[in-house]
Amino acid sequence: MGLFACGMLAVLTSCGGKKELKQMRAMVSEMEIHGDTLISLTVSQGEESYLVNLDRAKFNNGMALKGDSVLINYTDGRNDSLRAYFVTVLPKPARLLKDVIHEDQPVLAAPENRQDDKAEDQQ
């Protein structure tokens, strides 16, 4: 009888309620905001879109905005939604701004005798 009870306990604990943490990379397509609180995100990954509940989510690298790429650590939630635990906002690639010089316009620059230089001269 004791062996049976130990076996049942082992089976029940191995089938426990812990959910596996998964990871996905997606793009934010919609945001649900109530007041100043971000409630959920709708993210798209290819043709698929997912509703992500942000109840207990922690953000890395700032807050996600529409059009941002994100890396989401999640578990399955209720009603075909996902429950996010960590949302990492992936940085956007830098854009190179080319210098456009118009020879007919003066070049704007800071004056040579700035306030910082005057303070150094006084010392």
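Before reading further, recall that the structure is shown in the block above.
Residues numbered from 1 in each chain as written. Predicted model: local features only at pLDDT ≥ 70, side-chain atom pairs only at ≥ 80, totals over all residues. Heavy atoms only, no water.

Chemist: What's the story with unusual backbone geometry in this structure? I'm lost.
Modeler: Residues apart from glycine generally show negative phi values, whereas peptide bonds are mostly found in trans. Phi at N61 takes a positive value of approximately 65°, unusual for a residue other than glycine. Mapped onto the elements of the fold, N61 is located in the loop between β4 (58–60) and β5 (69–76). A positive phi angle is found at N79, which is not glycine, with a value near 50°. When you line up the elements, N79 lands in the loop between β5 and β6 (81–89). Overall, N79 belongs to the exposed group, its relative accessible area being 76%. (Helix = DSSP H or I, 4+ residues; strand = E, 2+ residues; numbered from the N terminus. Buried < 20%, exposed > 50% of the residue type's maximum accessible area, 1.4 Å probe, protein only.)

Chemist: It is not clear to me how the side chain of S81 should be interpreted in this structure. Could you clarify?
Modeler: Inspection of the secondary structure assignment puts S81 in strand β6. Judged by its relative accessible area of 12%, S81 is buried.

Chemist: What exactly am I supposed to notice about the pattern of salt bridges here?
Modeler: Oppositely charged side chains can pair when the atoms bearing their charge come close. Following the criterion strictly, the structure yields one salt bridge and no others. Between K22 and D76 there is a salt bridge; the shortest N-O distance is 3.1 Å. Of this pair, K22 sits in strand β1 (residues 22–34) while D76 is found in strand β5, placing the two residues 54 residues apart along the sequence. By relative accessible area, K22 is classed as partly exposed at 30%. Assessed through its relative accessible area of 40%, D76 is described here as partly exposed. (Salt bridge = Lys/Arg side-chain N within 4 Å of Asp/Glu carboxyl O.)

Chemist: Could you clarify how one ought to interpret the environment of L90 in this entry?
Modeler: For L90, the location among the structural elements is in the loop between β6 and α2 (115–122). Counting along the chain gives 65 residues from L90 to R25, while the straight-line C-alpha distance between them is 9.3 Å. Excluding residues within four positions of it along the chain, L90 makes contact with R25, S69, V70 and L71. (Contact = heavy atoms within 4.5 Å.)

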